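As a plain string of letters, each chain reads:
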Amino acid sequence: MEFLVASAIGVLTSAGIYLMLRLRTFPVIMGISLLTYAVNVFLFSSGRLVVGAPPILVKGVETYTDPLPQALVLTAIVISFGMTAVVVMIALGAYLGGDDDHVDDPVTEDAP
Amino acid sequence: MSLFLIVALPFLGALLPGLMNQAGRQACAGITFTVSLIAFIGLMTNLPTIMAGGVVQVGVDWLPAMGMNFTLMLDALGFFFATLILGIGLLIIAYARSYLSRDDNMGEFFTYLLLFQGAMVGIVLSDNILLLLVFWELTSLSSFLLIGYWKHLPEGRQGARMALAVTGMGGLAMIAGMLILGQIVGSYDLSVILKNRDLIQASPYYVPALVLILLGCFTKSAQFPFHFWLPHAMAAPTPVSAYLHSATMVKAGIFLMARMWPVLSGTPEWFVLVTSAGLITMVLGAVIALFKHDLKALLAFSTVSHLGLITMLLGTGTAFGALAAVFHILNHATFKAALFMSAGIIDHEAHTRDIRRLGGLRHLMPVTFAIATLAALSMAGIPFLNGFLSKEMMLEEATQTTLFDTWWLVPALATFGSLFSAAYSFRLIGHVFLGPKRDDYPAHPHDPPSGMWLPPAFLVVLVVVIGVAPFLAEPAVKLVTAAVLGGEAEMPYAPIKIWHGLVPALYMSMVAVIGGLVLLALFKPLLRVWDAAPRPEAKVIFDYITDGSVRLAKLLTHPLHNGAFTRYATIATVVIIAVGYHAWATGTMRAQTRVLQEAQPIAIAGWLMLVAATLGLVFMHRNRLLSLILIGIVGLMVSVGFVFFSAPDLAMTQITVEVVTIILLLLALNFLPNRTPIESTILRRMRDGTVAVAGGLATMAMAYHFLLRDAVATPISEYHLANSYKGGGGTNVVNVILVDFRGFDTFGEIIVLGIAALVIYALTESLLGGPVRARLLNRKPDQPRAGDRHPMMMVVLTRVIMPVVLMVGFFIFLRGHNEPGGGFIAGLIVSIAVVMQYMASGFNWATARLRYPYHGIIGSGVLIAGLTGIGSWFVSKPFLTSDFAYVRIPPFQEFELATAALFDLGVFLAVVGAVMLSLESFSRLARRAHVPDTEHAMDVDPSREPTPAEDV
């Protein structure tokens, strides 16, 4: 099971990095989203993998999973929505303003 | 009045003029004047203590562990400077009211001025040197704003930048010097430092500390070789020049040298460094000033020269030198501020400051003539004016000073400088006011309204009174000097009087005045020589150095940061992998402590789907719509994974966020191209692929090793699990952590979320306000649109479902404390319900039914959460302490009331507002010109007459 989660994180990271290195805004946003998943799952897994023991207190139950990473990841998920929205907006503004959705903007020597 | 209040008043008052801009110019100036006046009166209430030789001290701990405390001290020296700052500040404010034109933003000006005033007062009242440094940097920043106040003038911007660069660098050096000083003494309090002269001067770090502190003082007070910024700062409006260069900014360096005098002076290093810098500056400034044609430039270089004079006096390290320095600070502030204001009057009325275009103004501007002449004569050192007295004392001190074993060096240079000083003062009078009346002035000069000439006139009265009756100023000057000496030297018995007998200083003075007149007579031939002589231009050198630094910086950064995002993303990834590998290769690995869990078939199935969707996304990412669908699958599988590994809250959050994210990306895709073209070469894709696979393997290896070992220390979640119910009153530990244990985090996070939404809104506004608007309105869709924009089935369904979804949201919210749910998830669910209405019934329909703006909802959410936190203050608990109770209202069952629920309500509102504001902003972009807005939600409405098709 641990291998499945670890490899899933690896695959998500790999795909995220690859797409992040593309030249247009949309795939880069996709790549960053994939990286977000990878990071969230990784953070979540820092509480170690526990099946069938949610952090809801029930009388008589002794084993619970680690609730702290869950709380942290929960806000991270919501915040990442906000960040994705801002990045998308910036990308959209750049495209609408310049009719170009390249992410690269090599500096020219004479730029002010 | 408390010292805290005196320092805080200008800062607090700085808010007012900026806000009161609408109320008119009179109100702006009035409130600024009132604020300064209150501070001034407050300062004066401390006068009796100072007169009695006392010191006022107040303080609160700020960062005691770092030795940084908010401690203020008012002794005679601080009082003297604060009086100059606030007193001349009052005159400047009155003057600026008349000086600034209708086009100038007066509120902005006075806000900057008060900020600057507050920072200056802070410097002179600070007891803690770290606090002093804070104020010191604040003066650099606020003077930057003041010098560059006329943003439309390139000279103003360049001058402001140069002043900031030079004084800012000096400030950095001074920070280092002060830290060394604090380390030597073991305290950052001035009152302690000033008592440790021997300790400091015996320390091997004395010289570095001295050099660094002097760098700060010399840059601020425009001493050679850092004098060049001051004339360029003259591009500022004249009230600013008058204020900065007579009484405040440039005197800050002098103040600090005087303040540190008891502990730093008296050594050969101090003597050589300070005296020679002062001498060079005095002579150089005076010579250049004579040949300047711009009235303000002349005054600027004369300021440089007089600052050199004061510095030289402080450098001698004798008590008499300190006495003369203090006296000259006072005199210079009075006559120089008056002269600057007169220059401003001439500029204002004659529309030029070029001396070559002026002359004969005594007939046209008699009042200004009288003021400027008296002030200039004082500057030249003519008897019965205050400038004469301190200049005489300076010359006296010069005859006693031997530099580099040459007895005549200092007296000769001092006389030489005084000679030029007299010459430019006479030139100012002669070439501007005397001579025949001209008929080619750019404007018709006449005396200004009283608001402009009264302030300098007041100063000139002081010039004359001190000049005629020096015994009036003597006690005050001696009191201040005693504070400078700080008990390290005996106060000299040297009565300040006009006639000292036939001493060498008198002859030197006579040489200077007569020589000055001769120089003026020879001005024309001298000017030709001066113009022909090659001399270095400071601005060119400064620009050369800054350009060089910029080039060097580019050389270093461009290979890494050339504007290509892909390049630095690659570099960053590779570096992170390499560092991680290094850590892994050199570190030691603990033994495995956890047993590998067996993979269940359902987990394998989920894994397969996730991997397939991810790989599909990589290989088919050029089809953007398809990649959206695939990333949806990934998100879904991640949510399923959360459920599987005992995280129901996370799963619910992930799946709802997934929905809104996909809607958001769909909205964006509406505008972006549908396909990503192939641009990169095979080689490049191979390279990216290699980096990506390496990154993936590294993360995987790390996660895998991590998952097979227990945490090194006991996780703090033990505490959360144990106290969630007892302390937080909830059984859902995740929710209790969010709203209780780590409520402060959550509070910050909803603020961030709100800010993100507002950023999106602002970007949309600016897009719609700019040239993009026309393009958006005339956009032709690249794909055929659906025939029915608002399908009836969907409209009916979403409206029916809306109350149900709201109910679910409410339920999820309420149960959040004990079962999976809570504010975040409920907020997302409700947002989805509202978004559905937009999608089904259209933007206009939904907007027309929107009762509260989303900004307001975000704001109320943050406010409710914040107020809940503040509520705990009323029961003397720290911010965000929660409380709960069980209540029973018949006929209901017993239920729980918790303050955390109120906090969660804030979270809920902020999430709804933020999500909705983002999505709404995006959809506002989508409205097009050729599609008329419709009031009707449904295209087909049996109750309505058939209308022509609205869509193309």
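Residues numbered from 1 in each chain as written. Chains lettered and ligands numbered in written order. Predicted model: local features only at pLDDT ≥ 70, side-chain atom pairs only at ≥ 80, totals over all residues. Heavy atoms only, no water.

## Brief notes about the overall build of chain A
Thought 1: Helix and strand counts for chain A stand at 3 helices and 0 strands.
Thought 2: Since a compact globule built from 112 residues should have a radius of gyration of about 13 Å, the 19 Å found for chain A marks it as more spread out than a globular shape.
Thought 3: Projected onto its principal axes, the C-alpha positions of chain A cover 70 × 25 × 20 Å.
Thought 4: The burial tally for chain A puts 65% of its 112 residues in the buried class.
Thought 5: A fraction of 52% describes how many contacts in chain A between residues 6 or more apart in sequence connect residues 24 or more apart.
Thought 6: For chain A, the exposed area adds up to about 4,000 Å²; of that, 66% sits on carbon and sulfur atoms.
Thought 7: Put simply, chain A has 4 plus and 10 minus side-chain charges, and the middle of one group is 16 Å from the middle of the other. (Helix = DSSP H or I, 4+ residues; strand = E, 2+ residues; numbered from the N terminus. Rg over C-alpha atoms; globule rule 2.2 N^0.38 Å. Buried < 20%, exposed > 50% of the residue type's maximum accessible area, 1.4 Å probe, protein only. Contact = heavy atoms within 4.5 Å. Areas by Shrake-Rupley, 256 points an atom, 1.4 Å probe, with all protein chains shown as cover. Lys, Arg positive; Asp, Glu negative; His and termini not counted. Charge placed at Lys NZ, Arg CZ, Asp CG, Glu CD.)

## Section: the overall build of chain B
Thought 1: The number of helices and strands found in chain B is 41 helices and 4 strands.
Thought 2: In terms of its C-alpha atoms, chain B occupies a principal-axis envelope of roughly 110 × 75 × 70 Å.
Thought 3: Split into buried and exposed, the 952 residues of chain B put 53% on the buried side.
Thought 4: For chain B, restricting intrachain contacts to residue pairs at least 6 apart in sequence, the fraction spanning at least 24 positions comes to 79%.
Thought 5: For chain B, the computed accessible surface area is about 41,200 Å², with 70% contributed by carbon and sulfur atoms.
Thought 6: Treating the 58 positive side-chain charges of chain B as one cloud and the 55 negative ones as another, the clouds have centres 7 Å apart.

## Quick look at the domain arrangement of chain B
Thought 1: Each domain of chain B was delimited in the assignment, giving domain 1 (267-541) and domain 2 (723-952).
Thought 2: Centre-to-centre, using C-alpha coordinates, domain 1 of chain B lies 69 Å away from domain 2 of chain B. (Domains from an automatic or database assignment.)

## Observations concerning the pattern of salt bridges
Residue and element names in this part refer to chain B.
Thought 1: Enumeration according to the criterion identifies 14 salt bridges over all chains in this entry.
Thought 2: Note that Arg353 is salt-bridged to Asp294, the shortest N-O span being 2.9 Å. A residue pair is termed long-range when its members are at least 10 positions apart, and Arg353 in the loop between helix 18 (319-350) and helix 19 (361-364) and Asp294 in the loop between helix 16 (268-290) and helix 17 (295-316) qualify at 59 residues.
Thought 3: Arg356 is the salt-bridge partner of Asp354, the closest N and O atoms lying 3.1 Å from each other. (Salt bridge = Lys/Arg side-chain N within 4 Å of Asp/Glu carboxyl O.)

## Observations regarding the packing of aromatic side chains
Working definition: an aromatic ring pair is given by the centre-to-centre distance plus the angle between the planes.
Residue and element names in this part refer to chain B.
Thought 1: For the structure on display, the rule yields 24 aromatic pairs over all chains.
Thought 2: Where Phe4 meets Phe70, the ring centres are 5.9 Å apart and the plane angle is 45 degrees; that geometry is what we call tilted. Linking Phe4 in helix 1 (residues 3-13) with Phe70 in strand 2 (residues 68-74), this pair joins segments that are 66 residues apart in sequence.
Thought 3: With 5.8 Å between their ring centres and 20 degrees between their planes, Tyr95 and Tyr99 make a pair best called stacked. (Phe/Tyr/Trp six-rings, centres within 6.5 Å; stacked < 30°, edge-to-face > 60°.)

## Quick word on the environment of Ile17 of chain A
Thought 1: Residue placement: Ile17 of chain A occurs in helix 1 (residues 2-20).
Thought 2: The class of Ile17 of chain A is buried, set by a relative accessible area of 5%.
Thought 3: C-alpha separation for the pair Ile17 of chain A and Pro54 of chain A, spaced 37 residues apart in sequence, amounts to 32 Å.
Thought 4: Those residues in contact with Ile17 of chain A that sit more than four places away from it in its chain are Leu35 of chain A together with Thr573, Val691, Ala692 and Gly695 of chain B.

## As for the interface of chain B and chain A
Thought 1: Contact residues are listed per partner, giving 114 residues for chain B and 84 residues for chain A.
Thought 2: Where chain B meets chain A, there are 3 salt bridges.
Thought 3: A salt bridge links Glu679 of chain B to Arg24 of chain A; its shortest N-O distance comes to 2.8 Å.
Thought 4: The tally of links from chain B across to chain A stands at 22 residue pairs in polar contact (both at pLDDT 80 or more). (Polar contact = N/O pair within 3.5 Å; in protein donor to acceptor, adjacent residues only side chain to side chain.)

## Some details on the pairing of strand 1 (residues 56-63) of chain B
Residue and element names in this part refer to chain B.
Thought 1: Relative to strand 2, strand 1 runs antiparallel, the two being bridged by 7 bridges. Opposite Gln57, over in strand 2, you have Met73 as the bridge partner.
Thought 2: Adjacent in sequence and paired antiparallel, strand 1 and strand 2 are bridged by 4 residues, among which Gly67 carries a positive phi angle near 75 degrees. (Pairing = 2+ DSSP bridges.)

## Notes on the nonpolar core
Residue and element names in this part refer to chain B.
Thought 1: If you look at the biggest cluster of nonpolar residues, it comprises 193 residues, and the most contacted ones within it are Met178, Trp229 and Leu264.
Thought 2: Broken down by element, the residue count for this core peaks at 21 residues, all from helix 18.
Thought 3: Those residues in contact with Leu264 that lie beyond four places of it in its chain are Leu181, Ile200, Gln201, Tyr206, Leu210, Ile213 and Trp270.
Thought 4: With 126 residues, the next largest nonpolar core counts Phe747, Leu776, Val830 and Val915 among its residues. (Core = buried A, V, L, I, M, F, W, Y, C linked by side-chain atoms within 4.5 Å.)

## Some words on helix 34 (residues 733-741) of chain B
Thought 1: A large share of helix 34 of chain B lies buried, amounting to 8 of its 9 residues.
Thought 2: Turning to helix 34 of chain B, its buried residues number three or more, namely Val733, Val734, Asn735, Val736, Ile737, Leu738, Val739 and Asp740 of chain B.
Thought 3: The inward-facing, buried residues of helix 34 of chain B contact helix 3 (67-98) of chain A together with helix 31 (648-669), helix 33 (717-728), helix 35 (743-769), helix 38 (823-841) and helix 41 (899-925) of chain B.

## A few points about a nonpolar patch on the surface
Residues and elements named next belong to chain B.
Thought 1: Together, Leu615, Phe619, Met620, Leu625, Leu626, Ile629, Ile633 and Leu666 line one region of the surface with nonpolar side chains, adding up to about 740 Å² of accessible area.
Thought 2: Elements that contribute at least two residues to the nonpolar patch include exactly helix 29 (601-619) and helix 30 (624-644).
Thought 3: Per element, the largest residue contribution to the nonpolar patch is 4 residues, and it comes from helix 30.
Thought 4: Along the chain, the position of Leu626 falls in helix 30.
Thought 5: On the basis of relative accessibility, which here comes to 30%, the residue Leu626 falls in the partly exposed class. (Patch = residues over 30% accessible without salt bridge, like charges linked within 9 Å, V, L, I, M, F, W, Y side chains within 5 Å.)

## Thoughts on unusual backbone geometry
All names here are of chain B.
Thought 1: Residues other than glycine seldom take positive phi values, yet His351 does so here, at roughly 60 degrees.
Thought 2: Structurally, His351 can be placed in the loop between helix 18 and helix 19.
Thought 3: The exposure class assigned to His351 is exposed, which follows from its relative accessible area of 54%.
Thought 4: Despite not being glycine, Phe384 shows a phi value in the positive range, around 70 degrees.

## Describing the packing of helix 11 (residues 206-220) of chain B against helix 16 of chain B
Residue and element names in this part refer to chain B.
Thought 1: For the pair helix 11 and helix 16, the least separation of the axes is 11 Å and the interaxial angle reads 20 degrees. The angle between helix 11 and helix 16 falls in the class roughly parallel. Two packed elements cross with a definite hand, and for helix 11 against helix 16 that hand is right-handed. Residues Tyr206, Val207, Leu210, Val211, Leu214 and Phe218 of helix 11 form the contact with helix 16, whose participating residues are Glu269, Trp270, Leu273, Val274 and Ala277.
Thought 2: Class assignment of the residues belonging to the contact of helix 11 with helix 16 gives a composition of 10 nonpolar, no polar and 1 charged. (Axes fitted to C-alpha atoms, helices over the stretch in contact; angles between N-to-C directions. Parallel < 35°, antiparallel > 145°, perpendicular 65-115°, else oblique. Left-handed = near helix turned anticlockwise from the far one by under 90°. Nonpolar A, V, L, I, M, F, W, Y, C, P; charged D, E, K, R; others polar.)

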